[in-house]
Amino acid sequence: MISFVFIDGIGYGKDDSEKNPFSRFATDFFLPLTERKFPQGSIFSKGEMLVTDAGMGIEGLPQSATGQTAMWTGINTARVMKRHISGYPTFTLKKIIAEYSILKILNEQGMKAEFLNCYSPVYIEHIKKSQRHLSASTFIQLASGKPFKNLDDLRQNRGIYMDITHRILKQIAGKNLPKNDPLLEEKDPYERGALLAEIMQDYDFSIYEFFLTDKAGHAQDWEFAEEVILCLEGFMRGLIENFPKEGQLILTSDHGNLEDLSEGKHTRNSVPTYLYGKHTEFFKTRIKSLYDIPLAIYELLNINVNPYWDVIED
């Protein structure tokens, strides 16, 4: 069982509470992003926090479309495109995902691989109407051929909503749900983390995505940053304290951002890859850059996949 948690827009920053909200608000899991260590006795210290290259050898600010496509296909997409691409995947990146989505490949190998985010009816309808302005994570699930998890899945504890606490879900779907619907109740981050650990055990490989960190960074919003940091630290405690001994957790990001609120744009900082579980020693010697993650997973599983894509000529 390999479980992948993606947290958008976090990198290693300075221990500077005037710039780095992790320095001001983090109490445990995110302390390594402030030049500090996990507290003594922290359960997170049983894992490994690696320094991972988000630039992939290409100049410029790392971006979402190339970074996310790389970490879910095993291809150095920044090298392929000869630049970092922000926002949504381009035509070429979509083609790469369609062929090399890790969910698609693992399912074709007879494994049970799934994207665990649950979506509102509004977003699922948007996916059906248009494939413009869709994230890389949406495309890796489309490539797998499996349906997206919806609010019924969320209700039956088969997935997790993107904001963890359901505050945003209430804003988006509240008017279309009964006032006493349990989905509209605010959820405890620790309990949601524990639930995710339980759900992940149903799969050989699974992915959960959280992207509000990147939004808080772009907005340079300290209050929002505090909210997502504290939410995620509770969530991660719930996940790790209930994570099965036979499993392997991999957590990473696509680029830096939230660790420096002096500017509302991405950073060139390295990103964290946190490893927890029985194969940590294996992975920590193999992950140097984002695109190494799928390759290491295939190596561990003894799956013969050699992702390749020619460099695009302008």
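Residues numbered from 1 in each chain as written. Predicted model: local features only at pLDDT ≥ 70, side-chain atom pairs only at ≥ 80, totals over all residues. Heavy atoms only, no water.

**Details of the overall build of the protein**
Okay, step 1: Each helix and strand in the protein was counted, giving 14 helices and 8 strands.
Okay, step 2: Rg of the C-alpha trace for the protein: 18 Å, near the compact-globule value of 20 Å for 314 residues, within the 12% margin.
Okay, step 3: In terms of its C-alpha atoms, the protein occupies a principal-axis envelope of roughly 55 × 45 × 40 Å.
Okay, step 4: Of the contacts made within the protein by residues no fewer than 6 positions apart, 71% connect residues no fewer than 24 positions apart.
Okay, step 5: For the protein, the accessible surface area stands at approximately 13600 Å², while carbon and sulfur atoms represent 45% of it.
Okay, step 6: Separation between the mean location of the 35 positive side-chain charges and that of the 43 negative ones in the protein comes to 3 Å. (Helix = DSSP H or I, 4+ residues; strand = E, 2+ residues; numbered from the N terminus. Rg over C-alpha atoms; globule rule 2.2 N^0.38 Å. Contact = heavy atoms within 4.5 Å. Areas by Shrake-Rupley, 256 points an atom, 1.4 Å probe, with all protein chains shown as cover. Lys, Arg positive; Asp, Glu negative; His and termini not counted. Charge placed at Lys NZ, Arg CZ, Asp CG, Glu CD.)

**Observations regarding the side chain of serine 101**
Okay, step 1: Mapped onto the fold, serine 101 is located in the loop between α4 (91-100) and α5 (102-108).
Okay, step 2: Beyond its immediate sequence surroundings of up to four residues, serine 101 is in contact with Trp72, Thr73, Ile96, Ile140 and Ala143.

**Comments concerning the sheet that holds strand β6 (residues 205-210)**
Okay, step 1: What the 6 strands build is an open sheet, ordered β2-β8-β7-β1-β6-β3; its pairing is mixed. The two strands at the open ends of the sheet, each matched to only one other strand, are β2 (48-52) and β3 (113-115). Each strand axis lies, on average, 15 degrees off the axis of its neighbour in the sheet, ignoring direction.
Okay, step 2: As defined by bridge partners, β3 adjoins β6 across 3 bridges and the pair is classed as parallel. Opposite glutamate 114, over in β6, you have serine 206 as the bridge partner.
Okay, step 3: Helix α2 (residues 64-73) contacts β1 (2-7), β6 and β7 (248-252) of the sheet and is inclined by roughly 175 degrees relative to β1. (Pairing = 2+ DSSP bridges. Axes fitted to C-alpha atoms, helices over the stretch in contact; angles between N-to-C directions.)

**Remarks on the side chain of threonine 66**
Okay, step 1: Locating threonine 66 in the fold gives a position in helix α2.
Okay, step 2: Setting aside residues no more than four positions away along its own chain, threonine 66 makes contact with Met56, Thr77, Ala78, Met81, Arg83, His84, Ile85 and Leu93.

**Some points on the pattern of salt bridges**
Okay, step 1: The tally for this structure, following the rule as stated, stands at 11 salt bridges.
Okay, step 2: Between arginine 167 and glutamate 227 there is a salt bridge whose closest N-O contact spans 3.3 Å. With arginine 167 in helix α9 (residues 167-173) and glutamate 227 in helix α12 (residues 222-241), the pair connects residues that are 60 residues apart, well separated along the chain.
Okay, step 3: Given a relative accessible area of 36%, arginine 167 falls into the partly exposed group. (Salt bridge = Lys/Arg side-chain N within 4 Å of Asp/Glu carboxyl O. Buried < 20%, exposed > 50% of the residue type's maximum accessible area, 1.4 Å probe, protein only.)

**Focus on α2**
Okay, step 1: With 10 of 10 residues buried, α2 lies mostly within the body of the structure.
Okay, step 2: Within the span of α2, buried status applies to Ser64, Ala65, Thr66, Gly67, Gln68, Thr69, Ala70, Met71, Trp72 and Thr73.
Okay, step 3: Taken from the residues just after α2, glycine 74 is the one with a positive phi, measuring 85 degrees.

**Considering the packing of aromatic side chains**
Okay, step 1: Overall, the coordinates contain 17 aromatic pairs when judged by the stated rule.
Okay, step 2: Ring centres 5.0 Å apart and planes at 20 degrees place the aromatic pair tyrosine 119 and tyrosine 123 in the stacked group.
Okay, step 3: The exposure class of tyrosine 123 is partly exposed, given its relative accessible area of 23%.
Okay, step 4: Taken together, a centroid distance of 5.6 Å and an interplanar angle of 40 degrees make the contact between tyrosine 208 and phenylalanine 235 tilted. Of this pair, tyrosine 208 sits in strand β6 while phenylalanine 235 is found in helix α12, placing the two residues 27 residues apart along the sequence. By the burial criterion, tyrosine 208 is buried, and phenylalanine 235 matches it. (Phe/Tyr/Trp six-rings, centres within 6.5 Å; stacked < 30°, edge-to-face > 60°.)

**Some points on the environment of aspartate 8**
Okay, step 1: By secondary structure assignment, the location of aspartate 8 is in the loop between β1 and α1 (21-25).
Okay, step 2: Here the alpha-carbon distance between aspartate 8 and aspartate 202, two residues 194 residues apart in the chain, equals 25 Å.

**Quick notes on the environment of proline 307**
Okay, step 1: Note that proline 307 resides in the segment after α14 (292-301).
Okay, step 2: Along the primary structure proline 307 and glycine 193 are separated by 114 residues, whereas in three dimensions their C-alpha atoms are 32 Å apart.

**What about the pairing of β6?**
Okay, step 1: With 6 of 6 residues buried, β6 lies mostly within the body of the structure.
Okay, step 2: Across the two faces of β6 the burial is the same, with Phe205, Ile207 and Glu209 and Ser206, Tyr208 and Phe210 all buried.
Okay, step 3: As judged from the 6 bridges shared by β1 and β6, these two strands associate in the parallel manner. Following the sheet pairing, valine 5 is matched in β6 by tyrosine 208.

Nothing here speaks to function; it is all geometry.
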